[in-house]
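# Coordinate inspection notes
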Amino acid sequence: MEKEKLTKQIATVFTEIIKKLVNPTFSFPKGGAATRTLSTFVARIEKEFGAVTCERLVDACITGAYTFRERDNWTIKQVFGPSTIQRVKEQKRGQLFYQNQWLETGGLSRGGLLDLIKDRSEHPLAKYIYMRSEEATKQRQLNRKTGFLICQVSTLGWSPLSESCQQCEFQKDCMTETERKNPELYRLRIEYGNAAK
């Protein structure tokens, strides 16, 4: 991920935490000093953990906010300094428990904060458009009623990219069942199948 995007994600999560739990009038500084601090912080995370993930950013924001929650005067440079990375690295389960309880007092959760910055460019069901692992099951007793029943019970149903589905005599029935059981997945499969033509 590019640093600019990561720094925006940190600002988004941190602002949400501080506004809900510490100071409702807080706004993240827009100046160059804050941007440089966050860029340096991202580089430190990358160096320490190897990869910068959204989960790690959320953990770092929570840890920083939790550490400075009761102090009257703090700066972005203090919150997003090397000590916060060290705290994240050495964090124990008990500390996570207390942080999570604190978040709940403001109606927040780690998952909810993660949702604020999650990449939504790909549909969450996109990985199920074609399941290569289902091909062996779909081949079992292909073009027989028992094979159709096995397929219905053991797979996600019809897929436009499946060779087995293309050869199956029960394709129309399977499409109907797939739409009934998984309407959103069916819609994606139709959309993907039409785009592939």
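Structure report, in brief.

What counts, and at which threshold
Residues numbered from 1 in each chain as written. Predicted model: local features only at pLDDT ≥ 70, side-chain atom pairs only at ≥ 80, totals over all residues. Heavy atoms only, no water. Helix = DSSP H or I, 4+ residues; strand = E, 2+ residues; numbered from the N terminus. Salt bridge = Lys/Arg side-chain N within 4 Å of Asp/Glu carboxyl O. Buried < 20%, exposed > 50% of the residue type's maximum accessible area, 1.4 Å probe, protein only. Core = buried A, V, L, I, M, F, W, Y, C linked by side-chain atoms within 4.5 Å. Contact = heavy atoms within 4.5 Å. Expected span 1.5 Å × (residues − 1).

### Here's the deal with the environment of Val79
By secondary structure assignment, the location of Val79 is in helix 4 (residues 76-79). Considering only alpha carbons, one finds Val79 and Ala60, 19 residues apart in sequence, at a separation of 9.4 Å.

### Focus: the pattern of salt bridges
Applying the stated criterion across every chain, the model contains nine salt bridges. Residue Glu70 pairs with Arg69 through a salt bridge whose shortest N-O separation is 4.0 Å. As a salt-bridge pair, Arg187 and Glu191 come within 2.7 Å of each other at their nearest N and O atoms. Taken as a pair, Arg187 and Glu191 lie in helix 12 (residues 183-196) at a separation of four residues, close to a single helical turn. A relative accessible area of 46% means that Glu191 is categorised as partly exposed. Counted as one network, the salt bridges with shared partners bring together Glu184, Arg187 and Glu191.

### Here's the deal with the nonpolar core
For soluble globular proteins, the rule of thumb is that nonpolar side chains tend to be buried together. Within the largest apolar cluster, 36 residues are counted, with the highest numbers of intra-cluster contacts made by Phe14, Ile17, Phe28 and Phe80. Elements with a contribution of two residues or more to this core: helix 1 (3-21), helix 2 (32-49), helix 3 (54-68), helix 4, helix 5 (82-90), helix 6 (93-105) and helix 7 (110-117). Beyond its immediate sequence surroundings of up to four residues, Phe14 is in contact with Phe26, Phe28, Cys61, Ala65, Trp74, Ile76, Val79 and Phe80. Membership of the second largest hydrophobic core comes to seven residues, among which are Trp158, Cys168, Phe170 and Tyr186.

### A word on helix 3
Across its 15 residues, helix 3 extends 21 Å between first and last C-alpha, which sits within 8% of the 21 Å expected from 1.5 Å per residue. When helix 3 is considered as a whole, its buried residues turn out to be Cys54, Leu57, Val58, Ala60, Cys61, Ile62, Thr63, Gly64, Ala65 and Phe68. If you follow the buried residues of helix 3, they end up packed against helix 1, helix 2, helix 4, helix 5, helix 6 and helix 7.

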